[in-house]
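# Understanding the architecture of this molecule
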Amino acid sequence: MEHVIAFIQVVASGLLTGGLYALVGIGLSLVFGVMRLVNFAHGEFLALGMYGALWLYQRWQVDPFAAVLVIFPAVVALGYGVERFFLAPISGAPEHSFILMTVGIGLIISNLLLFGFGAHPQSIYTAYSTATFNLGGVSLSKPLSASFLLTVLIIGGLYWLLLRTELGRAIRATAQNREAAELQGIDTGRMRALVFGIAAALAAVAGTLMLPILYVIPTIGGTFTLKAFVVTVLGGMGNVAGAIGGGLLLGVAESLGATYVSSGYRDAFGLVAFLLVLLMRPAGLFGKSRV
């Protein structure tokens, strides 16, 4: 019985972490679905959210969960501006131009963080950082559980936006057929910039929620860009719903591997799961193959 509870404990921890991975991956999947662009600076926006929450906490003792209310709109505006000023002007250029541009944007952000906060790891400690609660014999982290619940609310809000509002219909029309959307009077350039801003803000919020349980360094963005890419491919490129499943799968795979094999290779187990899924489902868990 103890082994069963221990296994459930590991899976539950993986699911809670996977919820945050899903939030990061949804942003990257959203950008690809609408813009047909892989944002290689995606993880740097997560780092930006972490450092933004760190600064707010150190300066005014703003709790990371409250900091979400500041960071989300701020990063939406920043992402909107980045797309309009740096990506929109090269919209007709070859695909590798977008790759180089987003890599460059990521390098600029990480180096600005390095200049502003230094290279040493930093963290915060709140009253709940290491707090746990017991549910049916399973011990769960309070900050991770609260982050998971908030992630569910954010994802629900995103789906409401995309499926129930005029703005959401305009975004979906832009993703399906940009030329046809423009003929209907939709400003597709504004939609693309808004989607990029929302995606960047989702990554920043995920970073904010991770701050109470992780150290942050200026180069942490690269790690999470890779994780976001794995989540997006696992769920099917451009499939927002699939990114949720991909994030949960990645979190569980890392948790199981770290517990039963070696915690030093935690990230490697996620990549192994990634490769196994692609061998069986090259289009991802929820993607559709195209000929």
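For the structure itself, look to the data block above.
Because the structure is predicted, anything quoted here is derived from the model rather than measured. (Residues numbered from 1 in each chain as written. Predicted model: local features only at pLDDT ≥ 70, side-chain atom pairs only at ≥ 80, totals over all residues. Heavy atoms only, no water.)

### A word on the overall build of the chain
- Counting secondary structure elements, the chain contains eleven helices and two strands.
- For the chain, the succession of helices and strands along the chain, N to C, is α-α-α-α-β-β-α-α-α-α-α-α-α.
- For the chain, the spread of C-alpha atoms along the principal axes amounts to about 60 × 50 × 35 Å.
- Looking at the chain as a whole, 49% of its 291 residues qualify as buried.
- Summarising the internal contacts of the chain: among those between residues at least 6 apart in sequence, 75% fall at separations of at least 24.
- Accessible surface for the chain amounts to roughly 14100 Å². Of this, 68% is attributable to carbon and sulfur atoms. (Helix = DSSP H or I, 4+ residues; strand = E, 2+ residues; numbered from the N terminus. Buried < 20%, exposed > 50% of the residue type's maximum accessible area, 1.4 Å probe, protein only. Contact = heavy atoms within 4.5 Å. Areas by Shrake-Rupley, 256 points an atom, 1.4 Å probe, with all protein chains shown as cover.)

### Some remarks on the pairing of strand S2 (residues 138-141)
- By the bridge criterion, four bridges tie strand S1 (residues 132-135) to S2 in an arrangement that is antiparallel. Directly across from Asn-134, in S2, lies its bridge partner Ser-139.
- Linking S1 back to S2 in an antiparallel pair, the connection comprises two residues, with Gly-136 at a positive phi of about 60 degrees. (Pairing = 2+ DSSP bridges.)

### Looking at unusual backbone geometry
- Positive phi values are uncommon outside glycine, yet Arg-36 reaches one of about 55 degrees.
- Structurally, Arg-36 is set in the loop between helix H1 (2-35) and helix H2 (42-60).
- Using a relative accessible area of 46% as the deciding quantity, one classes Arg-36 as partly exposed.
- Positive phi is not limited to glycine here, since Gln-61 has a value of about 60 degrees.

### Here we look at the pattern of salt bridges
- Counted by the stated rule, this structure contains five salt bridges.
- A salt bridge links Arg-169 to Glu-166; the nearest nitrogen and oxygen atoms lie 3.0 Å apart. In this pair, Arg-169 and Glu-166 are both assigned in helix H6 (residues 166-176), three residues apart and thus about one turn of the helix distant.
- Judged by relative accessible area, which is 38%, Arg-169 ranks as partly exposed.
- What makes Glu-166 exposed here is its relative accessible area of 60%.
- Between Arg-266 and Glu-254 there is a salt bridge, and its shortest N-O distance comes to 3.7 Å. Taken as a pair, Arg-266 in helix H11 (residues 266-280) and Glu-254 in helix H10 (residues 240-260) lie far apart in primary sequence, twelve residues in all.
- Residue classification places Arg-266 among the partly exposed positions, given a relative accessible area of 28%. (Salt bridge = Lys/Arg side-chain N within 4 Å of Asp/Glu carboxyl O.)

### What about H10?
- Its 21 residues give H10 an end-to-end C-alpha distance of 31 Å, which sits within 8% of 30 Å, the value for a rise of 1.5 Å per residue.
- A distance of 3.2 Å separates the backbone nitrogen of Ala-241 from a side-chain oxygen at the start of H10, and that oxygen is part of Asn-239. (Expected span 1.5 Å × (residues − 1). Polar contact = N/O pair within 3.5 Å; in protein donor to acceptor, adjacent residues only side chain to side chain.)

### As for the environment of Glu-83
- Secondary-structure assignment places Glu-83 in helix H3 (residues 64-87).
- Classification of Glu-83 as buried rests on a relative accessible area of 2%.
- It is 34 Å that separates the C-alpha atoms of Glu-83 and Phe-269, two residues lying 186 residues apart in sequence.
- The residues contacting Glu-83, other than those within four sequence positions of it, are Met-35, Ala-88, Pro-89, Gly-189, Arg-192, Ala-193 and Phe-196.

### A closer look at the packing of helix H9 (residues 220-235) against H11
- The N-to-C vectors of H9 and H11 enclose an angle of 25 degrees; their axes lie 10 Å apart at closest approach. Classified by the interaxial angle, the pair formed by H9 and H11 is roughly parallel. By crossing handedness, the relation of H9 to H11 is classed as left-handed. Listed contacts from H11 to Thr-223, Lys-227, Val-230, Val-233 and Leu-234 of H9 are Asp-267, Gly-270, Leu-271, Ala-273, Phe-274, Val-277 and Leu-278. (Axes fitted to C-alpha atoms, helices over the stretch in contact; angles between N-to-C directions. Parallel < 35°, antiparallel > 145°, perpendicular 65-115°, else oblique. Left-handed = near helix turned anticlockwise from the far one by under 90°.)

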